[in-house]
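Residue-level listing of the chains:
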Amino acid sequence: MRRKSKGLGKIKLQTSKNLLIGAHVSIAGGLHLAFERGASIGCKTIQIFTKSSNQWKSKQLTDMEIQLYKAAARKHKIHPVVAHDSYLINLCAADNEILIKSRHTFTDELQRCEALGIPYLIFHPGSHVGTGELEGIKKIVESLNLAHEQTPRFKVKSVLETTAGQGTAIGYKFEHLRKIIDGVDEPERMAVCLDTNHIFSAGYDIRTEVEYVKTFKEFDAIMGLNRLVVIHCNDSKKEFGSRVDRHEHIGKGAIGKDAFGFIMRDKRLIKIPKVLETPKGVDMMDDIINMKLLSDVAQEY
Ligand code: ZN
Ligand code: FE
Ligand code: FE
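Predicted model, so just to flag it, every value in this text is computed and none were measured.

## Things to note about the packing of aromatic side chains
Centre distance and the angle of the planes are the two values used to describe a pair of aromatic rings.
Stage number 1. Under the criterion given, the structure shown has eight aromatic pairs.
Stage number 2. Look at F49 and Y87: their rings are 5.6 Å apart centre to centre, the planes differ by 80 degrees, and that puts the pair in the edge-to-face class. Residue F49 is found in the loop between β4 (45–48) and α2 (63–75), and its partner Y87 is found in the loop between β5 (81–84) and α3 (96–116); the two are separated by 38 residues along the sequence.
Stage number 3. Assessed through its relative accessible area of 51%, Y87 is described here as exposed.
Stage number 4. Where F200 meets F240, the ring centres are 5.2 Å apart and the plane angle is 55 degrees; that geometry is what we call tilted.

Rendered as C-alpha coordinates:
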(Lines give C-alpha, C1' and ligand atoms only; values in the text may rest on other atoms or scores of the structure.)
(Ligands and ions follow the chains in the order given, each with its own letter.)
Protein backbone atom coordinates (compact mmCIF):
# COMPACT_ATOMS: atom_id res chain seq x y z
CA MET A 1 0.00 0.00 0.00
CA ARG A 2 1.29 3.42 -0.85
CA ARG A 3 0.19 6.91 -0.10
CA LYS A 4 1.45 10.38 -0.87
CA SER A 5 3.73 11.88 1.73
CA LYS A 6 3.39 15.50 2.68
CA GLY A 7 7.11 16.10 2.87
CA LEU A 8 8.70 16.02 -0.54
CA GLY A 9 5.60 15.11 -2.49
CA LYS A 10 6.89 11.61 -3.04
CA ILE A 11 5.34 8.24 -2.59
CA LYS A 12 5.85 6.89 0.88
CA LEU A 13 6.21 3.30 1.89
CA GLN A 14 3.63 2.00 4.31
CA THR A 15 4.90 -0.89 6.35
CA SER A 16 2.20 -2.71 8.21
CA LYS A 17 4.51 -4.07 10.87
CA ASN A 18 7.21 -2.24 12.72
CA LEU A 19 9.94 -3.41 10.42
CA LEU A 20 13.24 -1.73 11.08
CA ILE A 21 14.12 -1.05 7.46
CA GLY A 22 15.67 1.94 5.79
CA ALA A 23 18.30 3.13 3.37
CA HIS A 24 21.51 5.02 3.06
CA VAL A 25 20.44 8.63 2.52
CA SER A 26 22.26 11.70 1.32
CA ILE A 27 23.37 14.52 3.62
CA ALA A 28 23.53 17.05 0.79
CA GLY A 29 22.71 20.50 2.11
CA GLY A 30 23.27 19.54 5.74
CA LEU A 31 23.34 16.50 8.01
CA HIS A 32 19.88 17.26 9.43
CA LEU A 33 18.29 16.97 5.97
CA ALA A 34 18.93 13.22 6.00
CA PHE A 35 15.96 12.79 8.35
CA GLU A 36 13.56 14.60 6.02
CA ARG A 37 14.78 12.49 3.10
CA GLY A 38 14.51 9.25 5.03
CA ALA A 39 11.07 10.13 6.37
CA SER A 40 9.83 11.08 2.90
CA ILE A 41 10.27 7.49 1.73
CA GLY A 42 9.20 5.78 4.94
CA CYS A 43 12.57 4.83 6.44
CA LYS A 44 12.44 3.60 10.04
CA THR A 45 16.23 3.75 10.20
CA ILE A 46 18.83 5.46 8.02
CA GLN A 47 22.52 5.29 7.28
CA ILE A 48 24.52 8.43 6.56
CA PHE A 49 28.05 9.64 6.01
CA THR A 50 28.82 12.31 8.59
CA LYS A 51 31.04 14.06 6.04
CA SER A 52 31.87 13.79 2.37
CA SER A 53 32.82 10.15 1.89
CA ASN A 54 35.50 10.73 -0.74
CA GLN A 55 37.50 13.43 1.02
CA TRP A 56 40.01 13.17 3.82
CA LYS A 57 39.42 16.60 5.20
CA SER A 58 36.25 17.76 6.84
CA LYS A 59 35.23 20.92 8.59
CA GLN A 60 34.64 20.48 12.27
CA LEU A 61 30.97 20.19 13.13
CA THR A 62 29.61 23.49 14.39
CA ASP A 63 27.26 23.76 17.37
CA MET A 64 24.62 24.94 14.95
CA GLU A 65 24.96 21.82 12.78
CA ILE A 66 24.76 19.59 15.84
CA GLN A 67 21.69 21.43 17.12
CA LEU A 68 19.93 21.23 13.77
CA TYR A 69 20.74 17.53 13.56
CA LYS A 70 19.46 16.80 17.06
CA ALA A 71 16.27 18.79 16.49
CA ALA A 72 15.60 16.80 13.31
CA ALA A 73 16.35 13.56 15.15
CA ARG A 74 13.77 14.45 17.79
CA LYS A 75 11.19 15.36 15.20
CA HIS A 76 11.36 12.17 13.15
CA LYS A 77 10.71 8.63 14.29
CA ILE A 78 13.88 7.34 12.69
CA HIS A 79 15.99 5.28 15.00
CA PRO A 80 18.76 4.32 15.00
CA VAL A 81 20.78 6.45 12.64
CA VAL A 82 23.93 4.58 11.69
CA ALA A 83 27.03 6.09 10.10
CA HIS A 84 29.38 4.67 7.48
CA ASP A 85 32.93 5.94 7.42
CA SER A 86 34.78 7.41 4.45
CA TYR A 87 35.83 4.98 1.74
CA LEU A 88 39.34 6.44 1.77
CA ILE A 89 40.12 5.09 5.21
CA ASN A 90 42.32 1.99 5.27
CA LEU A 91 43.22 1.00 8.82
CA CYS A 92 45.90 -1.39 7.59
CA ALA A 93 47.34 0.62 4.71
CA ALA A 94 50.85 -0.42 3.74
CA ASP A 95 51.76 3.17 2.89
CA ASN A 96 52.59 4.89 6.15
CA GLU A 97 51.26 8.26 5.09
CA ILE A 98 47.87 6.77 4.19
CA LEU A 99 47.86 4.75 7.41
CA ILE A 100 48.42 7.89 9.50
CA LYS A 101 45.74 9.81 7.60
CA SER A 102 43.36 6.86 7.97
CA ARG A 103 43.88 6.62 11.70
CA HIS A 104 43.42 10.34 12.14
CA THR A 105 40.27 10.39 10.01
CA PHE A 106 38.78 7.34 11.72
CA THR A 107 39.20 8.97 15.13
CA ASP A 108 37.63 12.13 13.74
CA GLU A 109 34.68 10.09 12.48
CA LEU A 110 34.19 8.55 15.92
CA GLN A 111 34.17 12.07 17.36
CA ARG A 112 31.59 13.25 14.84
CA CYS A 113 29.33 10.31 15.65
CA GLU A 114 29.67 10.88 19.37
CA ALA A 115 28.83 14.58 19.00
CA LEU A 116 25.72 13.70 16.99
CA GLY A 117 24.65 10.85 19.25
CA ILE A 118 25.07 8.23 16.52
CA PRO A 119 25.49 4.80 18.13
CA TYR A 120 27.29 2.95 15.30
CA LEU A 121 30.17 3.81 13.00
CA ILE A 122 30.39 1.13 10.33
CA PHE A 123 33.74 0.61 8.63
CA HIS A 124 35.48 -1.90 6.40
CA PRO A 125 38.41 -3.56 8.18
CA GLY A 126 40.93 -2.57 5.51
CA SER A 127 43.07 -3.81 2.63
CA HIS A 128 46.53 -5.12 3.41
CA VAL A 129 47.84 -4.27 -0.07
CA GLY A 130 50.21 -7.21 -0.20
CA THR A 131 51.57 -7.28 3.34
CA GLY A 132 49.42 -10.31 4.13
CA GLU A 133 46.29 -10.92 6.15
CA LEU A 134 47.99 -11.54 9.49
CA GLU A 135 49.98 -8.33 9.25
CA GLY A 136 46.87 -6.50 8.11
CA ILE A 137 44.81 -7.71 11.05
CA LYS A 138 47.61 -6.70 13.42
CA LYS A 139 47.64 -3.18 11.98
CA ILE A 140 43.86 -2.86 12.16
CA VAL A 141 43.98 -3.84 15.83
CA GLU A 142 46.65 -1.21 16.44
CA SER A 143 44.62 1.40 14.57
CA LEU A 144 41.51 0.64 16.63
CA ASN A 145 43.44 0.72 19.88
CA LEU A 146 44.86 4.14 18.97
CA ALA A 147 41.43 5.47 18.00
CA HIS A 148 39.80 4.14 21.16
CA GLU A 149 42.60 5.52 23.35
CA GLN A 150 41.93 8.95 21.92
CA THR A 151 38.20 8.69 22.48
CA PRO A 152 37.88 7.37 26.03
CA ARG A 153 34.44 6.33 27.27
CA PHE A 154 32.77 7.07 23.94
CA LYS A 155 29.38 5.43 23.47
CA VAL A 156 29.63 5.04 19.69
CA LYS A 157 30.59 1.52 18.69
CA SER A 158 33.20 0.70 16.07
CA VAL A 159 31.29 -1.60 13.76
CA LEU A 160 33.31 -3.96 11.56
CA GLU A 161 31.61 -4.76 8.27
CA THR A 162 31.93 -8.13 6.56
CA THR A 163 33.51 -7.65 3.13
CA ALA A 164 33.41 -9.37 -0.26
CA GLY A 165 37.17 -9.85 -0.16
CA GLN A 166 37.84 -7.83 -3.26
CA GLY A 167 41.54 -7.31 -3.95
CA THR A 168 43.39 -7.61 -0.64
CA ALA A 169 40.43 -6.68 1.54
CA ILE A 170 40.30 -8.28 4.95
CA GLY A 171 36.94 -9.33 6.38
CA TYR A 172 35.66 -11.87 3.86
CA LYS A 173 35.83 -14.55 6.53
CA PHE A 174 33.96 -14.23 9.81
CA GLU A 175 37.18 -15.39 11.49
CA HIS A 176 38.95 -12.19 10.37
CA LEU A 177 36.50 -10.03 12.27
CA ARG A 178 36.68 -12.35 15.27
CA LYS A 179 40.47 -12.00 15.35
CA ILE A 180 40.24 -8.22 15.24
CA ILE A 181 37.69 -8.10 18.05
CA ASP A 182 39.78 -10.50 20.13
CA GLY A 183 42.86 -8.39 19.52
CA VAL A 184 41.61 -4.97 20.60
CA ASP A 185 42.02 -3.68 24.14
CA GLU A 186 38.37 -2.68 24.44
CA PRO A 187 36.36 -5.41 22.71
CA GLU A 188 33.16 -4.05 24.27
CA ARG A 189 33.45 -1.10 21.89
CA MET A 190 33.30 -3.41 18.87
CA ALA A 191 30.28 -4.66 16.96
CA VAL A 192 29.59 -6.17 13.53
CA CYS A 193 27.61 -5.23 10.41
CA LEU A 194 26.67 -8.02 8.02
CA ASP A 195 26.35 -7.07 4.36
CA THR A 196 24.35 -9.65 2.38
CA ASN A 197 26.10 -8.89 -0.92
CA HIS A 198 29.52 -9.01 0.70
CA ILE A 199 29.07 -12.34 2.49
CA PHE A 200 27.51 -13.89 -0.62
CA SER A 201 30.40 -12.76 -2.80
CA ALA A 202 32.76 -14.01 -0.12
CA GLY A 203 31.28 -17.51 -0.36
CA TYR A 204 28.61 -17.65 2.35
CA ASP A 205 25.41 -18.78 0.68
CA ILE A 206 21.97 -17.60 1.82
CA ARG A 207 19.87 -18.44 -1.26
CA THR A 208 18.06 -21.43 0.23
CA GLU A 209 16.72 -21.85 3.73
CA VAL A 210 19.20 -24.65 4.41
CA GLU A 211 22.14 -22.48 3.33
CA TYR A 212 20.76 -19.45 5.18
CA VAL A 213 20.49 -21.40 8.43
CA LYS A 214 23.99 -22.79 7.94
CA THR A 215 25.54 -19.38 7.27
CA PHE A 216 23.90 -17.74 10.27
CA LYS A 217 24.80 -20.69 12.46
CA GLU A 218 28.41 -20.20 11.44
CA PHE A 219 28.19 -16.47 12.03
CA ASP A 220 26.73 -17.08 15.48
CA ALA A 221 29.36 -19.68 16.35
CA ILE A 222 32.28 -17.46 15.34
CA MET A 223 31.03 -13.98 16.18
CA GLY A 224 27.99 -14.39 18.35
CA LEU A 225 24.73 -13.00 17.01
CA ASN A 226 24.77 -10.53 19.90
CA ARG A 227 27.61 -8.67 18.16
CA LEU A 228 25.46 -8.07 15.10
CA VAL A 229 24.02 -4.54 15.17
CA VAL A 230 23.34 -3.65 11.52
CA ILE A 231 22.47 -5.60 8.35
CA HIS A 232 23.17 -4.10 4.93
CA CYS A 233 20.53 -5.52 2.60
CA ASN A 234 21.94 -5.60 -0.92
CA ASP A 235 21.50 -8.09 -3.72
CA SER A 236 24.60 -8.95 -5.77
CA LYS A 237 25.45 -8.09 -9.37
CA LYS A 238 28.08 -10.82 -9.42
CA GLU A 239 27.81 -14.56 -8.95
CA PHE A 240 28.25 -16.54 -5.73
CA GLY A 241 31.83 -16.54 -4.44
CA SER A 242 32.98 -13.92 -6.97
CA ARG A 243 34.77 -11.88 -4.28
CA VAL A 244 33.49 -8.82 -6.11
CA ASP A 245 31.58 -6.05 -4.34
CA ARG A 246 28.76 -4.85 -6.66
CA HIS A 247 25.40 -4.11 -5.14
CA GLU A 248 22.15 -4.84 -6.99
CA HIS A 249 18.48 -4.09 -6.34
CA ILE A 250 16.72 -6.56 -4.05
CA GLY A 251 15.55 -9.58 -6.00
CA LYS A 252 17.30 -8.49 -9.20
CA GLY A 253 20.68 -10.03 -8.51
CA ALA A 254 22.40 -13.36 -7.98
CA ILE A 255 21.13 -13.68 -4.39
CA GLY A 256 17.44 -13.35 -5.18
CA LYS A 257 14.52 -12.29 -3.07
CA ASP A 258 14.04 -15.49 -1.02
CA ALA A 259 17.18 -14.80 1.03
CA PHE A 260 15.77 -11.45 2.11
CA GLY A 261 12.63 -13.21 3.26
CA PHE A 262 14.70 -15.47 5.51
CA ILE A 263 16.35 -12.40 7.02
CA MET A 264 13.18 -10.35 7.38
CA ARG A 265 11.30 -13.22 9.02
CA ASP A 266 14.15 -14.30 11.31
CA LYS A 267 12.89 -13.48 14.81
CA ARG A 268 16.45 -13.17 16.13
CA LEU A 269 17.02 -10.25 13.77
CA ILE A 270 13.83 -8.27 14.32
CA LYS A 271 15.47 -5.48 16.32
CA ILE A 272 18.45 -5.16 14.00
CA PRO A 273 18.30 -2.22 11.55
CA LYS A 274 18.25 -3.37 7.92
CA VAL A 275 19.66 -0.77 5.60
CA LEU A 276 19.70 -0.67 1.81
CA GLU A 277 22.85 0.32 -0.06
CA THR A 278 21.38 -0.50 -3.46
CA PRO A 279 21.85 1.62 -6.60
CA LYS A 280 20.02 4.94 -6.68
CA GLY A 281 18.61 7.06 -9.46
CA VAL A 282 18.12 10.80 -9.23
CA ASP A 283 15.07 10.45 -7.00
CA MET A 284 14.56 7.91 -4.21
CA MET A 285 12.14 5.72 -6.15
CA ASP A 286 14.54 2.77 -6.19
CA ASP A 287 14.79 2.83 -2.41
CA ILE A 288 11.01 2.90 -2.12
CA ILE A 289 10.71 -0.14 -4.39
CA ASN A 290 13.46 -2.04 -2.55
CA MET A 291 12.00 -1.27 0.87
CA LYS A 292 8.58 -2.38 -0.34
CA LEU A 293 10.15 -5.68 -1.42
CA LEU A 294 11.77 -6.19 1.99
CA SER A 295 8.46 -5.38 3.63
CA ASP A 296 6.59 -7.79 1.34
CA VAL A 297 8.91 -10.74 1.90
CA ALA A 298 8.65 -10.15 5.64
CA GLN A 299 4.98 -11.01 5.33
CA GLU A 300 5.46 -14.14 3.21
CA TYR A 301 5.45 -17.58 4.72
ZN1 ZN B 1 30.53 -0.64 3.93
FE1 FE C 1 27.73 -2.45 3.14
FE1 FE D 1 29.72 -3.15 -0.78
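There is more to say after this.
## A word on the environment of P273
Stage number 1. Within the element layout of this structure, P273 appears in the loop between α8 (257–265) and β14 (274–276).
Stage number 2. Along the chain, P273 and K44 lie 229 residues apart, while their C-alpha atoms are 8.4 Å from each other.

## Brief notes about the coordination of the iron ion (ligand 2)
Stage number 1. Protein-derived coordination of the iron ion (ligand 2) comes from E161 (OE), D195 (OD), H232 (ND1) and E277 (OE), at a distance range of 2.1 to 2.2 Å.
Stage number 2. Its four donor atoms give the iron ion (ligand 2) angles of 87 to 176 degrees at the centre, a pattern that matches the irregular case.
Stage number 3. In the primary sequence, the donor residues of the iron ion (ligand 2) line up as E-x33-D-x36-H-x44-E.
Stage number 4. Separating the iron ion (ligand 2) and the zinc ion (ligand 1) is a distance of 3.4 Å, and E161 donates to both of them. Highlighted residues: E161 in strand β8 (residues 157–161) and E277 in the loop between β14 and α9 (285–299), separated in sequence by 116 residues.

## Considering the side chain of S201
Stage number 1. Tracing the backbone through its elements, the reader meets S201 in helix α6 (residues 196–202).
Stage number 2. Residue S201 is classed as buried on the basis of its relative accessible area of 0%.
Stage number 3. Contact partners of S201, with chain neighbours within four places excluded, come to A164, S236, G241, S242, R243 and V244.

## Section: the packing of helix α5 (residues 174–183) against helix α7 (residues 209–222)
Stage number 1. Running from N to C, α5 and α7 point in directions that differ by 20 degrees, and their axes come no closer than 10 Å. Between α5 and α7, the angle falls in the class roughly parallel. Pair α5 / α7 crosses with right-handed handedness. Residues F174, E175 and R178 of α5 pack against T215, E218, F219 and I222 of α7.

The rules behind these values
Residues numbered from 1 in each chain as written. Chains lettered and ligands numbered in written order. Predicted model: local features only at pLDDT ≥ 70, side-chain atom pairs only at ≥ 80, totals over all residues. Heavy atoms only, no water. Phe/Tyr/Trp six-rings, centres within 6.5 Å; stacked < 30°, edge-to-face > 60°. Helix = DSSP H or I, 4+ residues; strand = E, 2+ residues; numbered from the N terminus. Buried < 20%, exposed > 50% of the residue type's maximum accessible area, 1.4 Å probe, protein only. Donors = N, O, S within 2.8 Å, 3.2 Å for Na, K, Ca; no water. Tetrahedral: all angles 85-135°; square planar, octahedral: opposite > 155°, others 65-115°. Contact = heavy atoms within 4.5 Å. Axes fitted to C-alpha atoms, helices over the stretch in contact; angles between N-to-C directions. Parallel < 35°, antiparallel > 145°, perpendicular 65-115°, else oblique. Left-handed = near helix turned anticlockwise from the far one by under 90°.

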